Amino acid sequence: MLLCKKIKIEVSDWDAEALEFMQAKCRGLYNWWVMRLRNGERWNLERAKKSLQESKAYDPELRCVYGKLLAEVYFRLDKAMQAFFKRLAEGEKKPGFPRVKPRHQFFTLCYPAMYLDKIVGNTIVLPTGGGRKWGPKGYPNIVAHLTEDPPEHFHEVAVSRDARGNYYCSFVYDDTEQGKADPESKPGKQRKKQKQYPIREDGIVAFDLGIKTLATGFNDQGRFYHIGGFKGYRWYNKQLDKIRSKRDRCKKKSRRYIHLSKVYKRVSERKRRKQQDCLHKASHLIAHRLAERAVVIGDLSQRQMVIKKQGNETPKERNKRHIRNRMVYNDWGVYGFVQMLEYKCLRFGKELSIIDERDTTKMCHACKHKQDMPLWKRTYRCENENCGLVMDRDENSAVNIYQRFLARPGPHTLYECGVLHDPDA
Ligand SMILES: [Zn+2]
C-alpha cells in the first residue's frame, strides 16, 4: 500500500530563499486562479494549463520556478474544484468553494519522482526553474541534506515547512516495492524487519472511542483493554493561554511580541507532536500488537460531540461549552486516530469494521434497557430492578459494540478497510 515518510531536510540560507521564492510564486498562481473562479470563470484544467505561457509572459519571474511545480498547482486546484463539485452534487449545505491560501502558510511544493533522479547518499537535488534552453536560472538547483534514509522507490516528493521554519521532504512510496533486489543496495543498510505478533484469525475486539479514555476495548475472550489518550493538553492549554495573553498585552511587532509569538509556536508544536505521537502509538498498538484479527469501532459521525449554544445559557454553561468544544476540535484528535487506525489495520492485515453506534452508551448490555447517560456519569447503573448492572460506562459501551457486531448480518468482509464509508457497496 502507499505510505508516506516525512524527513527533515537541511538547506543553506540561499536554498531556503529559493524554496520560499518558489512556494510564494506557486501560491500566487493558485490564488490568482481561485479569485478568477470566484468571479464566475469556468474551470477547465486543460485550458488552465495552457494559459501558463501567458502567465509567464505577464510575470517573467515565474520562469525561475521549476515548471513541474507550476503544473502541480493546476492539478491541486483541479482536485479542490472536483471535490467542491462533488460536495455540491451531494447537496451539502455548505459545499465550501476552494479558498485562497494565506501568505503565512508554506504552499507545499510537489515534485514528481521521475524528475528527482539525483539522490546521492542522503543528498537530494531539488530543481529550480530555468537553465539551458529555458533561459537563465534565477536560483541554482537546491541541494538538500536528508536527515534520514529515504525510501528506495518513491512516487513523488512534497516539500513543506513547519511553523518554526524547518523544511521537510515527504516521500510517497509503496511498501511492497521496498527492499526489492537492488544490486547497489548494501546488505548492512537493510531495513529492520518489524517484529511479527501472532494473530488470532477468529479473534474480535470492539472499541468504544472516548474523551476520558481514548479507547476501551472488549474482546471475544471477555477481556477488557484500556488505552489512555494524551493527558497533558490541559497543562499545555493553560501555558498557551498564558503566553498568548502576555503577548497580546505587548505592542504589536515589538521585540517582546515577536519573542512571545515564537515561544507560543514552539509550545503549541510540542503539544501537537506529543498528541500525535500518542495517537500513533495507540493505533499501532491496536493494529499491530493485539492478536484479534477483526477490529470494530463505532461510527463517530453519528455522535454528537460538540455542545451547541443554547439561547439562555449561564456564564458557567458557556465556559463549559467552550472548554469542551476546544477539546473536541483541537485536542481530542480522535478523527485523526480513526484514519491512522484505518491504514495501520490495512497494513498489518487486520480487518477494521465501523458500525452503527447509536445508543451504545445508553443501553445496558445485559438487559437492553435504555437510560440517559449524561457525560459526567462515568458508571453505568442499570435502572432495571431485575438487572442492576453496575459497570464502567465505556466498558459497557464496548460490549454493546461487540455484541452489535456479532448480531449484524454477514458477510463481515463487506466492511473491510477501504470500503469503510460505503456499507451499501
Ligand atoms: Zn440492565
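Residues numbered from 1 in each chain as written. Predicted model: local features only at pLDDT ≥ 70, side-chain atom pairs only at ≥ 80, totals over all residues. Heavy atoms only, no water.

## Concerning the coordination of the zinc ion
Now for step 1: Distances from the zinc ion to its protein donors, Cys-364 (SG), Cys-367 (SG), Cys-382 (SG) and Cys-387 (SG), fall within 2.2 to 2.4 Å.
Now for step 2: Taken together, the 4 donor atoms coordinating the zinc ion and their angles of 101 to 115 degrees define a geometry best described as tetrahedral.
Now for step 3: In terms of primary sequence, the donors binding the zinc ion are separated according to C-x2-C-x14-C-x4-C. Placement of the pair is Cys-367 in the loop between strand S12 (351-355) and strand S13 (379-381) and Cys-387 in the loop between S13 and strand S14 (390-392), with a sequence separation of 20 residues.
Now for step 4: Residue Cys-367 is classed as partly exposed on the basis of its relative accessible area, which comes to 27%. (Donors = N, O, S within 2.8 Å, 3.2 Å for Na, K, Ca; no water. Tetrahedral: all angles 85-135°; square planar, octahedral: opposite > 155°, others 65-115°. Helix = DSSP H or I, 4+ residues; strand = E, 2+ residues; numbered from the N terminus. Buried < 20%, exposed > 50% of the residue type's maximum accessible area, 1.4 Å probe, protein only.)

## Side note on the packing of helix H6 (residues 255-289) against helix H7 (residues 315-332)
Now for step 1: Direction vectors running N to C along H6 and H7 enclose 75 degrees, while the axes themselves pass 11 Å from each other. Comparing their axes, H7 and H6 come out roughly perpendicular. In contact with Lys-271, Gln-275 and Leu-279 of H6, H7 contributes Asn-330, Asp-331 and Trp-332.
Now for step 2: When grouped by side-chain class, the residues that make up the contact of H6 with H7 number 2 nonpolar, 2 polar and 2 charged. (Axes fitted to C-alpha atoms, helices over the stretch in contact; angles between N-to-C directions. Parallel < 35°, antiparallel > 145°, perpendicular 65-115°, else oblique. Contact = heavy atoms within 4.5 Å. Nonpolar A, V, L, I, M, F, W, Y, C, P; charged D, E, K, R; others polar.)

## Things to note about the sheet that holds strand S8 (residues 200-209)
Now for step 1: Strand order in the open sheet made by the 5 strands is S10-S9-S8-S11-S12, with mixed pairing throughout. The open sheet has two edge strands, strand S10 (224-227) and S12, and neither has a second partner. On average, each strand axis in the sheet is inclined to that of its neighbour by 25 degrees, with strand direction left out of account.
Now for step 2: Two elements, strand S11 (residues 292-298) and S12, share 5 bridges in a ladder whose sense is parallel. Opposite Val-295, over in S12, you have Leu-352 as the bridge partner. (Pairing = 2+ DSSP bridges.)

## Focus: the confidence of the model for the chain
Now for step 1: Residue-level pLDDT values for the chain average 85, and 91% of them are 70 or greater.
Now for step 2: When mean pLDDT is compared element by element in the chain, helix H1 (residues 13-38) scores highest at 95, while strand S3 (residues 119-120) scores lowest at 78.
Now for step 3: A low-confidence stretch, residues 181-190 (pLDDT under 50), is modelled with 2 contacts involving residues beyond four sequence positions or located in other chains.
Now for step 4: Below a pLDDT of 50 lies the segment residues 413-425, which in the model reaches 21 contacts outside its immediate sequence neighbourhood of four places, other chains included. (pLDDT = per-residue confidence, 0-100.)

## A few points about H1
Now for step 1: If you check H1, its first and last C-alpha atoms are 37 Å apart, about what 26 residues at 1.5 Å a residue would give, namely 38 Å.
Now for step 2: Once H1 finishes, Gly-40 follows within two positions and takes phi at roughly 100 degrees, a positive value. (Expected span 1.5 Å × (residues − 1).)

## Things to note about the sheet that holds strand S5 (residues 142-146)
Now for step 1: Reading across from one edge, S2-S6-S7-S1-S5-S4-S3 is the order of the 7 strands in this open sheet, with antiparallel pairing throughout. Since the sheet does not close on itself, it has two edges, and those belong to strand S2 (109-112) and S3, each with one partner.
Now for step 2: As paired strands, strand S1 (residues 2-10) and strand S7 (residues 167-174) are joined by 8 bridges and run antiparallel to one another. The partner of Ile-7 across the bridge, within S7, is Cys-169.

## Comments concerning the side chain of Glu-313
Now for step 1: Structurally, Glu-313 can be placed in the loop between S11 and H7.
Now for step 2: Here the side chain of Glu-313 touches Arg-321 through a polar contact of 2.9 Å, side chain to side chain.
Now for step 3: Aside from chain neighbours lying at most four places away, what touches Glu-313 is Arg-318 and Arg-321. (Polar contact = N/O pair within 3.5 Å; in protein donor to acceptor, adjacent residues only side chain to side chain.)

## As for the environment of Gly-228
Now for step 1: Structurally, the position occupied by Gly-228 is in the loop between S10 and helix H5 (233-248).
Now for step 2: Dropping the residues within four chain positions of it, Gly-228 is found in contact with Thr-213, Leu-214 and Cys-278.

## Some details on unusual backbone geometry
Now for step 1: For Asp-359, which is not a glycine, the phi torsion comes out positive at approximately 65 degrees.
Now for step 2: Of note, the phi angle at Lys-368 is positive, near 70 degrees, even though the residue is not glycine.
Now for step 3: Note that Lys-368 resides in the loop between S12 and S13.
Now for step 4: Relative accessible area serves as the criterion here: at 44%, Lys-368 is assigned to the partly exposed category.

## Quick word on the environment of Pro-374
Now for step 1: Along the chain, the position of Pro-374 falls in the loop between S12 and S13.
Now for step 2: Along the chain, Pro-374 and Lys-362 lie 12 residues apart, while their C-alpha atoms are 9.1 Å from each other.

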